[in-house]
Amino acid sequence: MRIFSGIQPTGQLHIGNYLGAIKQWIKLQETNECIFSIVDLHAITVPYNSKVFSEVVLSKAIEYLACGLDPEKSIIFIQSQVKEHTELAWLLNTVCPLGDLRRMTQFKDKSKKFKNNINAGLFNYPVLMAADILIYQTDLVPVGKDQGQHVELARSVAKKFNKTFGNVLTVPKVVFPTMGAKIMSLEDPTKKMSKSTPASCLFLIDEPKTIEKKIMRATTDSGKKIVYDIKKKPGISNLLTIYSLFSGHSIKELEKEFKGKNYSEFKKSLAKTLINGLEPIRRKTKELTNRDVYIKEILNKGAKRAQVLASSTMEKVRGSMGLLKLD
Ligand code: TYM
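This section reports on the structure supplied with the text.

Cut-off values and rules
- Residues numbered from 1 in each chain as written.
- Predicted model: local features only at pLDDT ≥ 70, side-chain atom pairs only at ≥ 80, totals over all residues.
- Heavy atoms only, no water.
- Buried < 20%, exposed > 50% of the residue type's maximum accessible area, 1.4 Å probe, protein only.
- Helix = DSSP H or I, 4+ residues; strand = E, 2+ residues; numbered from the N terminus.
- Pairing = 2+ DSSP bridges.
- Right-handed = clockwise from strand over helix to strand, strands pointing away.
- Contact = heavy atoms within 4.5 Å.

Most of strand β1 (residues 2-7) sits out of view: five of its six residues are buried. Inspection of the sheet shows β1 paired to strand β2 (residues 33-38) by six bridges, in the parallel sense. Within the sheet, the bridge partner assigned to S5 lies in β2 and is F36. Handedness of the β-α-β unit built from β1, helix α1 (residues 15-28) and β2 comes out right-handed.

This brings us to unusual backbone geometry. One non-glycine residue with positive phi stands out, namely Q137, at about 50°. Tracing the chain through its elements places Q137 in the loop between α7 (120-134) and β4 (140-142). You will see that N290, though not glycine, has its phi angle at about 75°, which is positive. Judged by relative accessible area, which is 73%, N290 ranks as exposed.

Summarising the element assignment, S237 is placed in helix α10 (residues 234-247). By relative accessible area, S237 is classed as buried at 0%. Those residues in contact with S237, other than ones at most four positions away along the chain, are V227, Y228, D229 and I230.

None of this, on its own, says anything about what the molecule does.
Written out as structure tokens, the structure reads:
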């Protein structure tokens, strides 16, 4: 299977990114042909600091490697290094109906949040994402729940393209993890944990003291029992999900273990589990920091390998759309 997925280089990676996306990627890279990108061209559709942007992008590559992505097994690269992504995005813009883009909930949310910068790139964002996926003839796209609508759009663009110009593009399928597809905010468990609200996040490289502080402060619900009930107890249910995914114990086992114990005991134990669970990522991130030459070499190689695949699709797309080829 050919796999593609990506993460925007905005802020640090949090446990939502890890449990929703990266953890799946690490498993998938063992038995599939995987391509993972740092999608910098998506990140610039909202206000960002251009002075430090290239450093932020490099730090994402470090976090990818620290989480266990292996450049020997997967192609790891920066989206803007493979120019075919933007070329295909333009061509797909001519296929994608305006009405489909207007329905995108992420566009609606972001245009509320960044009222003074609702640019055309933000609106066309899902078309670039469709290009990212379709240019590699991707079979599977492992993402968290919030990206489901965008992958659905990529599927419908591929189908429409194929119907109009012939069978050129693979129609991809989305894969969500069975658990952890939507990790909720620590502050407000009715909202998604999101990089754009740092207070909602537990970051992968948070120091042990910060982890403890954030978990002890995490919003819980009235009542005392540690039981999973997404409607009545969204806070405890979210923490139980996180606990289960980091400990390998099922939610049922955790409910049994914490029967009769209070929220504070539960949170202390969860903080300890997270501190231990994230320790290897924290350590590897530190080890890789300042190894820019090594990281850039990986990204360079990744971009070259990705480009071979991308240019082969572009050749077919250009031909099927009737663009003139000069010998
Ligand atoms: P981004 O950068 O917002 O998020 C990266 C990945 O993390 C997942 N995720 C979560 N999963 C569970 N719980 C959460 N709270 C949570 N928050 C984020 C996301 O679902 C995603 O899988 N548009 C994409 C990036 C992108 C992309 C692509 C993805 C661009 N091109 C092509 C796949 C294929 C995005 O903004 O992800």
